[in-house]
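For reference, the chains in residue letters:
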Amino acid sequence: MGLEAKLASDGFLTTKLDAVIAWCRKNSLWPMPMGISCCAIEMMSAVDPKYDMSRFGSEVMRFTPRQCDLIIVAGTVTYKMAHVVRRIYDQMPSPKWVIAMGACTSSGGMYRSYPVVQGIDQFLPVDVYTAGCPPRPENLLNALLELQKKIEGTRARDFQNKPLLDLNLSKN
Amino acid sequence: MEFRELVTTKTKEKFGSDVVDITNFRDDLSIEIKPERLLSFCKFLKEDSELDFAMCVDVTAIDWAKRKNRFTTVYHIYSLTNNFNLRIKSTIEDAKNPEIDSVTSVWKSADWYERETWDMYGIKFKNHPDLRRMYMPETFEYYPLRKDFPVMGIPGSLPLPKKEED
């Protein structure tokens, strides 16, 4: 028996609108699966029935950026691919968040060489970094929970001056 | 006669002094030929009915860094009827603007291999149908597998998307 049983007749709660909105947002993150290499396998595993990311409201993988508010960059990002990742990120409506999954995405990882971007934070605002090569599904879930904590603290006015669809595609 | 000997005797017979070197290392036969004769040598290897090297498996290059003749192109070819692998090498004399004949007229499959070699070593293949970069962006100005190219690349040579500060 939860809260609703106690408040069954004419019950009400008082809270802040910001708190309600943030609570809704954090529990309905729709991820864009930016699976570029082997991290994507662990990302798929995180959604499967064993680890079940839907427990945290985040199972709705959308294959179009226009329906997403979280991009999980899972894999080695080369300089050529960086433009594609950025283009996809730009097409997501804000508010939007970024998880850098795995060593390659966070820092270039073992690919310390000329074609690989040494960390996607050079061209994307990363919210949560995930360690591991590749990270276990639990680790990705942990990243998601960390992100939920971060979203919990946001207020509506944090996003007010941002355009809904920030299409910065002129350079590409 | 063993096929290996057949290849060497036929090569010596036909190309004589243009053959720079023939080596047999751990059962790998490689023949080094002067770059001017490379194309006719390849044509001969493919069209000779006994040798029948019908397949080009790989084209790559070596950067010797400090030698006077800096670049050597390497071709791996295979005879399906004789089940035999052969390596052909050809050393280019011009180290500044390395150029060599394309073998795409002999083996079509050499097309992308030569493009990759052009991309990585900057060796120009004459008469190649479509000599563009394979991996690196079209605007890239360097050749990454050359010995004087730093492992971490040249800062600023590959553009990244802009990140707006928030």
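Bear in mind that the values here come from a model prediction, so they are computed numbers and not experimental data. (Residues numbered from 1 in each chain as written. Chains lettered and ligands numbered in written order. Predicted model: local features only at pLDDT ≥ 70, side-chain atom pairs only at ≥ 80, totals over all residues.)

Secondary structure summary: chain B contains three helices and seven strands in total. Moving toward the C terminus, one meets the helices and strands of chain B in the order α-β-β-α-β-β-β-β-α-β. By principal-axis analysis of the C-alpha atoms, chain B measures approximately 75 × 30 × 30 Å. The buried share among the 166 residues of chain B stands at 28%. Long-range contacts, defined here as pairs at least 24 residues apart, represent 48% of the contacts in chain B between residues at least 6 apart. (Helix = DSSP H or I, 4+ residues; strand = E, 2+ residues; numbered from the N terminus. Buried ≥ 20, exposed ≤ 12 C-beta atoms within 10 Å, placed from the backbone. Contact = placed C-beta atoms within 7 Å.)

Glancing now at the overall build of chain A. The helix and strand inventory of chain A stands at six helices and four strands. Mapped from its N terminus to its C terminus, chain A presents α and β elements in the order α-α-β-α-β-α-β-α-β-α. Each of the three principal axes of chain A carries a C-alpha extent, and together these read 65 × 40 × 25 Å. The proportion of buried residues among the 172 residues of chain A is 33%. Within chain A, contacts between residues at least 6 apart in sequence are counted, and of these 80% link residues at least 24 apart.

Looking now at the sheet that holds strand E4 (residues 71–79) of chain B. Residue and element names in this part refer to chain B. The strand order across the open sheet built from five strands is E1-E2-E5-E4-E3, with neighbouring strands paired in mixed fashion. Looking along the sheet, the strands with just one partner apiece sit at the ends: strand E1 (19–25) and strand E3 (55–63). The mean inter-strand angle of the sheet, taken between neighbouring strand axes irrespective of direction, is 20°. Bridging between E1 and strand E2 (residues 28–33) involves six bridges; their strand directions are antiparallel. Counterpart to Thr 23 in the pairing with E2 is Ser 30. (Pairing = 2+ DSSP bridges. Axes fitted to C-alpha atoms, helices over the stretch in contact; angles between N-to-C directions.)

Right, let's talk about the pairing of strand E2 (residues 70–74) of chain A for a bit. Residues and elements named next belong to chain A. Across the five residues that make up E2, a large majority, five, are buried. Note: strand E1 (residues 31–35) against E2, five bridges, orientation parallel. From the neighbouring strand, Gly 35 faces E2, where its bridge partner is Ala 74. Crossover connection from E1 via helix H3 (residues 39–47) to parallel E2: handedness left-handed. A crossover links E2 with its parallel partner strand E3 (residues 97–101), the connecting element being helix H4 (residues 79–90), and its sense is right-handed. (Right-handed = clockwise from strand over helix to strand, strands pointing away.)

Soluble globular proteins tend to pack their nonpolar side chains together in the buried interior. Judged by nonpolar contacts, the single largest core of 37 residues is most densely connected at Ile 71, Ile 72, Val 73, Ile 99 and Met 101 of chain A. Those elements that provide at least two residues to this core are E1, H3, E2, H4, E3, strand E4 (128–130) and helix H6 (137–152) of chain A. Contact partners of Val 73 of chain A, with chain neighbours within four places excluded, come to Met 34, Val 85, Val 98, Ala 100, Met 101, Thr 105 and Ile 120 of chain A. Grouped together as the second largest cluster of nonpolar side chains are 28 residues, Val 7, Phe 41, Val 59 and Ile 77 of chain B included. (Core = buried A, V, L, I, M, F, W, Y, C linked by C-beta atoms within 7 Å.)

Okay, the interface of chain B and chain A next. Facing 11 residues of chain B, the contacting portion of chain A comprises 13 residues. Looking at the side of chain B that touches chain A residue by residue, the class counts come to seven nonpolar, one polar and three charged. (Nonpolar A, V, L, I, M, F, W, Y, C, P; charged D, E, K, R; others polar.)

Residues and elements named next belong to chain A. In space, the four strands of this open sheet follow the order E1-E2-E3-E4, with parallel pairing throughout. Two strands in the sheet have a free side with no partner beyond their single neighbour: E1 and E4. Within this sheet the neighbouring strands show an average axis-to-axis angle of 15°, counted without direction. In terms of strand pairing, E2 meets E3 through five bridges, oriented parallel.

All names here are of chain B. Relative to the elements of secondary structure, Phe 53 occurs in the loop between helix H2 (38–47) and E3. As for Phe 53 and Ile 77, which are separated by 24 residues in sequence, their C-alpha atoms are 6.5 Å apart. Ignoring sequence-local partners within four residues, the contact set of Phe 53 consists of Leu 45, Lys 46, Ile 77, Tyr 78, Ser 79 and Leu 86.

Time to look at the packing of H3 of chain A against H6 of chain A. Residues and elements named next belong to chain A. Where H3 contacts H6, the two axes come as close as 8 Å, and the packing angle between them is 75°. The orientation of H3 relative to H6 falls into the category roughly perpendicular. Where H3 approaches H6, its residues Glu 42, Met 43, Ser 45 and Ala 46 are matched on the opposing element by Pro 137, Leu 140 and Leu 141. (Parallel < 35°, antiparallel > 145°, perpendicular 65-115°, else oblique.)

Between Cys 133 of chain A and Pro 134 of chain A the backbone carries a cis peptide bond, its omega angle lying at -10°. At Ala 65 of chain B, a position not held by glycine, the phi torsion is positive, near 60°. Within the secondary structure, Ala 65 of chain B sits in the loop between E3 and E4. The phi torsion at Asn 127 of chain B lies on the positive side, around 65°, for a residue other than glycine. Note that Asn 127 of chain B resides in the segment after strand E7 (124–126).

All right, on to the environment of Asn 97 of chain B then. Structurally, Asn 97 of chain B can be placed in the loop between strand E5 (84–92) and strand E6 (99–101). For the pair Asn 97 of chain B and Lys 124 of chain B, spaced 27 residues apart in sequence, the C-alpha to C-alpha distance is 7.8 Å.

Here we come to the confidence of the model for chain B. With 98% of its residues at a pLDDT of 70 or more, chain B has an overall mean of 89. For this predicted complex, the interface confidence comes out at an ipTM of 0.76, alongside a pTM of 0.81. (pLDDT = per-residue confidence, 0-100.)

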